[in-house]
Amino acid sequence: MTRRYEIGVIPGDGTGPEVVAEGIKVLEALSRRFDLDFQLKWFDLGGERYLKSGVLLPDEALDSIRETDAIFLGAIGHPDVKPGILEREVLLRLRFELDLYINLRPVALMDGVDTPLKGKGPEDIDFVVVRENTEGLYAGGGGAFKKGTPDEIAIQESVNTRKGVERCIRYAFEFCAGRNRKRRLTLCGKNNVLLYESDLWSRVFNEVHREYPDIETSYQNVDALCMWMIKNPEQFDVIVTTNLFGDIVTDIGAVIQGGLGVAAGGNINPGGCAMFEPIGGSAPKYAGLKKINPLAAICAVQMMLDHLDEREAASTLTASVQKTVKEDLKSLEAGKMGFNTSEVGDLVVRHLDG
Ligand code: IPM
Ligand code: MN
């Protein structure tokens, strides 16, 4: 029996459309092979549309996105739009309105990929960051007062609700148990400075830990965690952290796993919608040049298949991405791959068949 899924596709800005095209190419190849039927629903959102018509994320689009089984996003961000508008009104609004409260970001070095970390290999760099995705400093609370005067005040508030913290931590324990690698969960905070926020996170973490006695836990301040991610990444299995800390540490994660060319993430509501994306952004300087690496978007498709519980298609795709990286590509960097963007997609499709 054919299994059907409705996929919302948001190519977005910059190199987004180019990498999304390769992700869809791979998805279509997999659908033929595994008897899957993906109905694609395209959404024109992002900087170009905003500049032309002032439209950001219309309510009808949001309602229609809400009905999909999963969303595949290219990138949001445009050099001609002031920073903050598209990010807040499109990307963050999607995360908030669809309550995609988990941002799942695997950091895994594939065989054959160079890492800037001397002496470290695929067995050392293999962990997952669970980033809270709807609260913290991203909630947008705060304000400016006496703006432009010497007495100006700027306040940016971090929102941490008991419910929001607990559901994220619970997901991280569950995910760590399911992943079953080192069964080690690290809480990342800043308890020597952020007295209220980190205190809530630590208490909830310790409480939930009682339900998972066979998961080993530890705590690290975010500054130390950044240092350890570079010095001894092999100690990590799953890391759980706040929205902003998760944003920052996963850029380090991307670099140590071989760069933004392969880094993908999932914005997930475990009981509802989920949106998968390459985390490298819109890379405007490469837009339209066919030089960008589509593997991060293809890895986002792999995560989407996993989320849809299409495990066999997902693991077949992982294997063919690994082969492409190991056997074909000269580098993962844009313009240095030895192939253009769509040729890389073709290589992955070719490896799907063995
Ligand atoms: C990310 C991005 C976004 C974030 C930006 C574009 C708002 O950096 O997904 O990591 O900060 O979450
Ligand atoms: Mn980021």
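Residues numbered from 1 in each chain as written. Chains lettered and ligands numbered in written order. Predicted model: local features only at pLDDT ≥ 70, side-chain atom pairs only at ≥ 80, totals over all residues. Heavy atoms only, no water.

(A) Focus on the overall build of the protein. Helix and strand counts for the protein stand at 11 helices and 12 strands. Here the protein has a C-alpha radius of gyration of 20 Å; the compact-globule value for 354 residues is 20 Å, and the two agree. Relative to its full complement of 354 residues, the protein shows a buried share of 52%. Partitioning the contacts of the protein with sequence separation of at least 6, the portion at a separation of at least 24 is 76%. Summed over all atoms, the accessible surface of the protein reaches about 15,800 Å², with 51% contributed by carbon and sulfur. If the 41 positive side-chain charges of the protein are averaged to one point and the 53 negative ones to another, these points end up 3 Å apart. (Helix = DSSP H or I, 4+ residues; strand = E, 2+ residues; numbered from the N terminus. Rg over C-alpha atoms; globule rule 2.2 N^0.38 Å. Buried < 20%, exposed > 50% of the residue type's maximum accessible area, 1.4 Å probe, protein only. Contact = heavy atoms within 4.5 Å. Areas by Shrake-Rupley, 256 points an atom, 1.4 Å probe, with all protein chains shown as cover. Lys, Arg positive; Asp, Glu negative; His and termini not counted. Charge placed at Lys NZ, Arg CZ, Asp CG, Glu CD.)

(B) Spatial organisation of a nonpolar patch on the surface. A contiguous nonpolar surface patch, about 280 Å² in accessible area, is contributed by Phe 145, Ile 153 and Ile 155. Of note, Ile 155 is situated in strand E7 (residues 153-156). For Ile 155, a relative accessible area of 46% translates into the label partly exposed. (Patch = residues over 30% accessible without salt bridge, like charges linked within 9 Å, V, L, I, M, F, W, Y side chains within 5 Å. Salt bridge = Lys/Arg side-chain N within 4 Å of Asp/Glu carboxyl O.)

(C) Fine view of the pairing of strand E12 (residues 274-278). Where burial is concerned, most of E12 is hidden: five out of the five residues are buried. Where burial is concerned, the two faces of E12 agree: the one with Ala 274, Phe 276 and Pro 278 and the one with Met 275 and Glu 277 are both buried. Where strand E3 (residues 70-75) lies against E12, two bridges are found, and the strand directions are parallel. Across the sheet, the residue bridging to Ile 71 is Met 275, located in E12. Here five bridges tie strand E11 (residues 264-268) to E12, and the two strands are oriented antiparallel to one another. Paired with Ala 264 across the two strands is Pro 278, which belongs to E12. (Pairing = 2+ DSSP bridges.)

(D) Summary view of the nonpolar core. Counting residues in hydrophobic clusters, the biggest one holds 87 residues, and the most contacted among them are Val 240, Leu 295 and Leu 317. When residues in this core are grouped by element, the largest group, nine residues, is from helix H9 (residues 295-307). Setting aside anything within four residues of it in sequence, one finds Val 240 in contact with Val 130, Cys 168, Ile 169, Ala 172, Leu 185, Thr 186, Leu 187, Cys 188, Trp 201 and Phe 205. Listed in part, the 20 residues of the second largest apolar core include Leu 62, Ile 71, Leu 86 and Leu 91. (Core = buried A, V, L, I, M, F, W, Y, C linked by side-chain atoms within 4.5 Å.)

(E) Fine view of the site of ligand 1. Within the structure, ligand 1 sits among Glu 87, Leu 91, Arg 95, Arg 105, Arg 131, Tyr 138 and Asp 247. Arg 95 places a polar side-chain atom, nitrogen or oxygen, 2.8 Å from an oxygen atom of ligand 1. Take Arg 105: an N or O atom from its side chain is 2.8 Å from an oxygen atom of ligand 1. Taken atom by atom, the bulk of ligand 1 overlaps the second largest pocket. Of all the elements, helix H4 (residues 85-97) adds the most residues to the shell around ligand 1, at three residues. The class makeup of the residues in the shell around ligand 1 is two nonpolar, no polar and five charged. (Near = heavy atom within 4 Å. Polar contact = N/O pair within 3.5 Å; in protein donor to acceptor, adjacent residues only side chain to side chain. 1 Å grid on protein atoms, 1.4 Å probe; cavity = no way out; pocket = protein on both sides within 12 Å on 5 of 7 lines; lining within 4 Å. Sits in = over half its atoms within 2 Å of the grid points. Nonpolar A, V, L, I, M, F, W, Y, C, P; charged D, E, K, R; others polar.)

(F) View of the layout of surface pockets. Empty space within the largest pocket amounts to approximately 990 Å³. In terms of lining, the largest pocket is formed by 33 residues, of which the most central are Pro 106, Phe 175, Gln 302, Met 303 and Asp 306. Within the residue set of the lining of the largest pocket, elements represented by two or more residues are strand E4 (102-108), strand E5 (126-132), helix H5 (162-179), E11, H9 and helix H10 (311-328). In terms of residue count, the dominant contributor to the lining of the largest pocket is H9 (five residues). Of the residues contributing to the lining of the largest pocket, the split by class is 21 nonpolar, six polar and six charged. Here the second largest pocket is characterised by a volume of approximately 430 Å³. Surrounding the second largest pocket, 22 residues form its lining, Ile 76, Glu 87, Leu 91, Arg 95 and Asp 247 being those nearest its centre. A total of five residues in the lining of the second largest pocket trace back to one element, the largest contributor, which is H4. Looking at the lining of the second largest pocket residue by residue, the classes come out as eight nonpolar, six polar and eight charged. (Points joined across faces, edges and corners; volume = space filled by probe spheres on them.)

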